[in-house]
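Structural description and commentary
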There are 2 protein chains.
Amino acid sequence: MENSFVLKGNVCYSISPGELALAANSYLVCEEGLCAGVFQELPEQYRRLPLEDCTGKMILPGLVDLHVHAPQYTFRCLGMDMELIEWLSHYAFPEEAKYSDLIYAEKAYGSFVEDLRRGPNTRAAVFATCHVPASLLLMDLLEASGLVTLVGKVNMDRNSHPDLQEADARTSIRDTEDWVSRALKEKAYRNTEPILTPRFIPSCSDDLMVGLKEIQRKYGLPLQSHLSENKGEIAWVRELCPAAANYSAAYDHFGLFGGEGTPTIMAHCVWMEEEELELMEARRVFVAHCPQSNMNLASGIAPIRRFLNRGIPVGLGSDVAGGCHTSIFRAMSDAIQVSKLYWRLLDQQAAPLTIEEAFYLGTKGGGAFFGKVGSFLPSYEFDALVIDDSGLRAPYDLSLSQRLARIIYQPDRCAIERKFVRGRDILRIDS
Amino acid sequence: MENSFVLKGNVCYSISPGELALAANSYLVCEEGLCAGVFQELPEQYRRLPLEDCTGKMILPGLVDLHVHAPQYTFRCLGMDMELIEWLSHYAFPEEAKYSDLIYAEKAYGSFVEDLRRGPNTRAAVFATCHVPASLLLMDLLEASGLVTLVGKVNMDRNSHPDLQEADARTSIRDTEDWVSRALKEKAYRNTEPILTPRFIPSCSDDLMVGLKEIQRKYGLPLQSHLSENKGEIAWVRELCPAAANYSAAYDHFGLFGGEGTPTIMAHCVWMEEEELELMEARRVFVAHCPQSNMNLASGIAPIRRFLNRGIPVGLGSDVAGGCHTSIFRAMSDAIQVSKLYWRLLDQQAAPLTIEEAFYLGTKGGGAFFGKVGSFLPSYEFDALVIDDSGLRAPYDLSLSQRLARIIYQPDRCAIERKFVRGRDILRIDS
């Protein structure tokens, strides 16, 4: 059987936000790319499968990045001296304009994809730019990497940089349909799918939003966008959409706010009204929580405990280049840290995130957007990391949960030795 | 001349909080362990010195950690689900109690010192435990590492863990004087000095504080302690010292709050009254700002802009194991990030820290506690890092300030190739 094997090692995965499974020195079975279970003793029927002995190593699910801007990778760590709207026009838009040049795009996206391939994330929901050729190039590179991704050609036909903005709604819609049909038919990727990506309300005219809804209906596509990141942005949306009760309603007006059959990710959700939470809950809209970006751009702290209490689905996002780090391990520790400040400074009813909860958000929580992903429960897709954490030594024996905590806070002192996506080791593609 | 040489490369250093010097492809001269200047063309009188060509590399001052607990290194990243007082009794005190065993201490301190030696910090103000033999052992190891440090045997004679607490004030004072005189006379270290270290007001009886003041007078020692980290702690100090107007006054009552000839570091300073700032300013008390620890233990955010506006001296602290990371690069980016949240959530008059300011705090700002340290201005002690940042590539040329920003946010993607302390490369000690 292709993609069927057994790993032996210390297996850690989330069952629910509060429940972490820790199986020391156990057998993790991959059967045709799916997880068949975790066992203390290897059941008879799997004994004929190839066994890889990773004794002493940690085996975790691959991490899931629910929000990352591929073209912004080139200026990560730079220009974080502004708030969102100014930052977009000053840094992000001029950089994204460069991706009309395919030679630049190949170089820049090449570095981004290689970083992602070597890091701990196995899945990502990715913003490209508004350029069709460069967006398809990015999808080609991601497909070749073995990662599983949703990639969006961005829509933006107003209030943007003159070198970047699309000519009008008609052009944007035509290009989007061209891109979608090429991605789905001509390219026929195995691991890379298109996701509709209106940048955010200020960048998208009403006509564009209407057209995107039509494309969504026609192709049954998921959607990703931004919501309530920054106070200035929210005030701007109020001006642009005076009829909408709030920012969420401005999307909902066009039928672009989740619901049955239209899986939707909204990044940030920092400043949310109670009615918006009700709508998100009803529509099963995913929150992409991007704690570091929300610090770097001085946006604030998203009320994650409120989302979790309501059962709103939440995952983590690196939001490169609002965030500096592609690794979702970093997003886990950032999420815990800012949740403690939220509790301390804003709301003592909002208990800080535990390490188990943060690990859940960065694996099974975000993974749910991709299906049965981000855990080692039976029939989950087999995304797994084998991690050598011997660099994080202690003068006493560490428990598995302590070792997991160290990996989360100090991933750079660990080595990712194997990285399986859908049962395939993507670190060995180039070897 | 011993310790005299020239480095050629891209030299970056702080002149003041707002002024960064960036000298591309320049000559940095070390003369007998001191910085002789940075030059575009090498002056005639230095041309006979050995020249090391580091063209293309970044050359930065060594970083300064103003607050770190050496014995807590063993449990970094663990047990951060509590606030300060509970965390101390549950995690920190039981771990510190282990250092009565010199075999454990050697193993544990060995890892800590090796981590420090390989990292970017060249100076540190270090808390040990209350044990004299283990504190001297730590000093021996630090001395052998080539780092320059101030190390404190901790005083704590009340409200602590039974296995750790000193028997009474007399014992604590006797042990401290024993330790000080052995460190100064018997050991006669070149790079390692004792610093008085009453843990914090709740751990130290009045008699102990009186005795420490006498030792300070007799030996002319600097002092380090903790101040106003956590709201529960502050309330406790108010109960313990009802006569003191505030936490600072509780130290000042014993003459242990800075002033001429008694250099003092107070770690944290999160929740400060205006009168305390006045006193700190008058007494030139150094603030050790520990942003990550203040997140991890849900303490809050220190008002660094208020300190800087008053000209209170500020440096950065890792506060391992309240903080997870020994590197002061991490403290720089954490300091910027929390200052943005402070501005956004608490006080829009308190402008966020710039990257230049954070770099200053982690070099020249904290370095001032050690003398002329943390910069490449003439006659500063020659602490320097040669950094290969080629792992942080971009598809366009980065300016030196952009490269510096990347190093600060992503130090783990860089390699420290040379690390000079007082003109001596301490990475080559073992080679």
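Owing to the predicted nature of the structure, the values given are computational and were not obtained by experimental measurement.

1. Structural notes on the overall build of chain A
- Check the secondary structure of chain A and you find 13 helices and 17 strands.
- Whereas a compact globule of 431 residues would reach a radius of gyration of roughly 22 Å, chain A reaches 21 Å, a difference of no more than 12%.
- The principal-axis extent of the C-alpha atoms belonging to chain A is close to 60 × 55 × 40 Å.
- Looking at chain A as a whole, 66% of its 431 residues qualify as buried.
- For chain A, contacts bridging at least 24 residues in sequence account for 75% of all contacts bridging at least 6.
- Only carbon and sulfur atoms are counted for the fraction: they give 48% of the accessible area of chain A, which is about 14700 Å².
- The average position of the 43 basic charges and that of the 57 acidic charges among the side chains of chain A differ by 4 Å.

2. Considerations on helix α5 (residues 206-219) of chain B
Residues and elements named next belong to chain B.
- Its 14 residues give α5 an end-to-end C-alpha distance of 20 Å, which sits within 8% of 20 Å, the value for a rise of 1.5 Å per residue.
- Burial in α5 covers these residues: Leu208, Met209, Gly211, Leu212, Lys213, Ile215, Gln216 and Tyr219.
- Where α5 is buried, its residues contact β8 (154-155), α4 (169-187), β10 (197-198), β11 (223-227) and α7 (247-252).
- Glycine 220 occupies a position one or two residues after α5 and carries a positive phi of about 60°.

3. Some thoughts on the packing of aromatic side chains
- Tallying each qualifying case throughout the model produces 26 aromatic pairs over all chains.
- Each ring, one from Phe39(A) and one from Tyr46(A), has its centre 5.8 Å from the other, and the planes form 35°; the classification is tilted.
- Judged by relative accessible area, which is 22%, Phe39(A) ranks as partly exposed.
- Ring geometry for Tyr13(B) against Phe376(B): centres 5.7 Å apart, planes inclined by 65°, an arrangement best described as edge-to-face. Note that Tyr13(B) is positioned in strand β1 (residues 5-16) and Phe376(B) in the loop between α12 (355-367) and β15 (384-388), a separation of 363 residues in sequence.
- On the basis of relative accessibility, which here comes to 11%, the residue Tyr13(B) falls in the buried class.
- Above the ring of Tyr396(B), the side-chain terminus of Lys98(A) is found at 4.2 Å from the ring centroid.

4. Examining α4(B)
Residue and element names in this part refer to chain B.
- Counted at 1.5 Å a residue, the expected span for α4 with its 19 residues is 27 Å, and the 25 Å between its end C-alpha atoms agrees.
- Taken as a whole, α4 carries its principal kink of about 25° at serine 181.
- Looking at the buried residues of α4, the elements they touch are α3 (132-145), β7 (148-152), β8, β9 (192-194) and α5.
- Just beyond α4, the residue with positive phi is alanine 188, at close to 50°.

5. Some remarks on the packing of helix α11 (residues 328-345) of chain B against helix α13 (residues 400-409) of chain B
Residue and element names in this part refer to chain B.
- Viewed as axis vectors pointing N to C, α11 and α13 meet at an angle of 100°, and their least axial separation amounts to 7 Å. Between α11 and α13, the angle falls in the class roughly perpendicular. Contact residues: α11 offers Phe329, Met332, Ser333, Ile336 and Gln337, while α13 offers Ile407, Ile408 and Tyr409.
- Taken together, the residues that form the contact of α11 with α13 break down as six nonpolar, two polar and no charged.

6. Some details on the domain arrangement of chain A
All names here are of chain A.
- Domain boundaries assigned for chain A yield domain 1 (5-61 + 374-428) and domain 2 (63-370).
- For domain 1 and domain 2, the distance between their C-alpha centroids amounts to 29 Å.
- The interface of domain 1 with domain 2 comprises 31 residues on the first partner and 28 residues on the second.
- Here domain 1 meets domain 2 over a buried area of about 2500 Å², counting both sides, of which 63% is carbon and sulfur.
- For domain 1, the biggest contributors to the area lost against domain 2 are Pro17, Ile408 and Tyr409; these three give 24% of the whole.
- A salt bridge links glutamate 381 to arginine 123, with the nearest nitrogen and oxygen atoms 3.0 Å apart.
- Summed over the shared surface of domain 1 and domain 2, the number is 12 residue pairs in polar contact (both at pLDDT 80 or more).
- Put simply, the parts of the chain that give the side of domain 1 that touches domain 2 at least two residues each are β1 (5-16), β4 (51-61), β15 (384-388), α13 (400-409) and β16 (415-421).

7. Some words on the pairing of strand β3 (residues 34-39) of chain A
Residue and element names in this part refer to chain A.
- When strand β2 (residues 19-31) meets β3, the two strands line up antiparallel, connected through five bridges. Looking across to β3, one finds that tyrosine 27 is bridged to phenylalanine 39.
- If you look at the hairpin formed by β2 and β3, you'll find two residues sitting between the two strands, and glutamate 32 has a positive phi there, around 50°.

8. Observations regarding the relation of the copies chain A and chain B
- Of the transformation superimposing chain A on chain B, the axial component is 0.0 Å and the angular component is 180°, with the fit at an RMSD of 0.0 Å. Taken together, the rotation angle and the small translation identify this as a two-fold axis. Taking the C-alpha atom as reference, chain A places Asp412(A) closest to the rotation axis, 3.2 Å from it.
- Take the interface residues of chain A: 100% of them recur as interface residues in chain B, which is what a same-surface contact looks like.

9. Topic: the sheet that holds strand β5 (residues 63-69) of chain B
Residues and elements named next belong to chain B.
- If you trace the four strands from one edge of the open sheet to the other, you get β5-β6-β7-β9, paired in parallel fashion. Two strands lie at the open edges of the sheet, namely β5 and β9, each paired on one side alone. Each strand of the sheet is rotated relative to its neighbour by a mean of 20°, with strand direction disregarded.
- Both β7 and β9 contribute to a ladder of three bridges, which runs parallel.

10. A word on the sheet that holds strand β14 (residues 314-316) of chain B
Residues and elements named next belong to chain B.
- If you trace the four strands from one edge of the open sheet to the other, you get β11-β12-β13-β14, paired in parallel fashion. Whereas interior strands pair on both sides, the edge strands pair on one side only; in this sheet they are β11 and β14. Along the sheet, successive strands turn relative to each other by an average axial angle of 30°, direction set aside.
- As paired elements, strand β13 (residues 286-289) and β14 share three bridges and run parallel to each other. Residue valine 287 lies in a different strand from β14, and its bridge partner there is valine 314.

The rules behind the values
Residues numbered from 1 in each chain as written. Chains lettered and ligands numbered in written order. Predicted model: local features only at pLDDT ≥ 70, side-chain atom pairs only at ≥ 80, totals over all residues. Heavy atoms only, no water. Helix = DSSP H or I, 4+ residues; strand = E, 2+ residues; numbered from the N terminus. Rg over C-alpha atoms; globule rule 2.2 N^0.38 Å. Buried < 20%, exposed > 50% of the residue type's maximum accessible area, 1.4 Å probe, protein only. Contact = heavy atoms within 4.5 Å. Areas by Shrake-Rupley, 256 points an atom, 1.4 Å probe, with all protein chains shown as cover. Lys, Arg positive; Asp, Glu negative; His and termini not counted. Charge placed at Lys NZ, Arg CZ, Asp CG, Glu CD. Expected span 1.5 Å × (residues − 1). Phe/Tyr/Trp six-rings, centres within 6.5 Å; stacked < 30°, edge-to-face > 60°. Lys NZ or Arg CZ within 6 Å of the ring centre and 35° of its normal. Bend = angle between axes of the 7 residues up to and from the residue. Axes fitted to C-alpha atoms, helices over the stretch in contact; angles between N-to-C directions. Parallel < 35°, antiparallel > 145°, perpendicular 65-115°, else oblique. Nonpolar A, V, L, I, M, F, W, Y, C, P; charged D, E, K, R; others polar. Domains from an automatic or database assignment. Buried area = accessible area lost by both parts, 1.4 Å probe. Salt bridge = Lys/Arg side-chain N within 4 Å of Asp/Glu carboxyl O. Polar contact = N/O pair within 3.5 Å; in protein donor to acceptor, adjacent residues only side chain to side chain. Pairing = 2+ DSSP bridges. Least-squares fit on C-alpha atoms with pLDDT ≥ 70 in both.

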